[in-house]
Amino acid sequence: MRQLFIQYQCNDIIRILSKDPDGKLYEKVSRVIAQSYYLDMELWLDINSYLFPIYVGDSLNLSLYTISDELFNSMIKANQFSSLADKYEYFMIGKVFNLITTTEEQTSYNLIYASFGGLLLKLKIKKKFLKSFLPNSYLCLGLNRLN
């Protein structure tokens, strides 16, 4: 039997470095590039900029969680994500579709690719900072403004 769990992965402050680097492709969606302060993460994230306007220079608190398949399905059926989502101004649930381990200058990194209903995430993070990410696992991302 598989275990039911929500696993906290990381929490960090990110600063938006760039917005729509390839131009604005969709009216209500922006792609942002951010760098974290503590975990040295690089984040590329598509965000609904109509619901959550975001600007270059903004600082945000980022939290990531993974959820087991069985718990995810039971939480969806019981509409139980609101207790987690209510902690954040912007909250997304997606699925990891690719995980690549790479090495640069003797440091191991994970490149994590996830889709949140078509909004994409690319996260580059040092391998030592992650507990566990698996392809096809569910991922929750929460953002709060620090301003």
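The rules behind these values
- Residues numbered from 1 in each chain as written.
- Predicted model: local features only at pLDDT ≥ 70, side-chain atom pairs only at ≥ 80, totals over all residues.
- Heavy atoms only, no water.
- Helix = DSSP H or I, 4+ residues; strand = E, 2+ residues; numbered from the N terminus.
- Buried < 20%, exposed > 50% of the residue type's maximum accessible area, 1.4 Å probe, protein only.
- Polar contact = N/O pair within 3.5 Å; in protein donor to acceptor, adjacent residues only side chain to side chain.
- Contact = heavy atoms within 4.5 Å.
- Phe/Tyr/Trp six-rings, centres within 6.5 Å; stacked < 30°, edge-to-face > 60°.
- Lys NZ or Arg CZ within 6 Å of the ring centre and 35° of its normal.

**Section: the side chain of Ser36**
Mapped onto the elements, Ser36 comes out in strand 2 (residues 29–36). The exposure class assigned to Ser36 is buried, which follows from its relative accessible area of 7%. Only 2.9 Å separates the side chain of Ser36 from the side chain of Asp12, close enough to count as a polar contact. At 3.1 Å, the side chain of Ser36 forms a polar contact with the backbone nitrogen of Asp40. Apart from the residues within four sequence positions on either side, Ser36 is in contact with Asp12, Ile13, Ile14 and Met41.

**Observations regarding the packing of aromatic side chains**
Overall, the coordinates contain three aromatic pairs when judged by the stated rule. A ring pair is formed by Tyr88 and Phe91, whose centres lie 6.1 Å apart and whose planes are at 15°; its orientation type is stacked. In this structure Tyr88 comes out as buried when scored by relative accessible area, which is 12%. Judged by centre distance (6.2 Å) and plane angle (40°), the ring pair of Phe97 and Tyr113 falls under tilted. Here Tyr113 lies in strand 6 (residues 107–116) and Phe97 lies in strand 5 (residues 90–104), a separation of 16 residues in the sequence. Between Lys28 and the ring centre of Tyr50, over which it is positioned, the NZ or CZ distance is 4.5 Å. Sitting over the face of the ring of Trp44, Lys122 holds its NZ or CZ atom 5.6 Å from the ring centroid.

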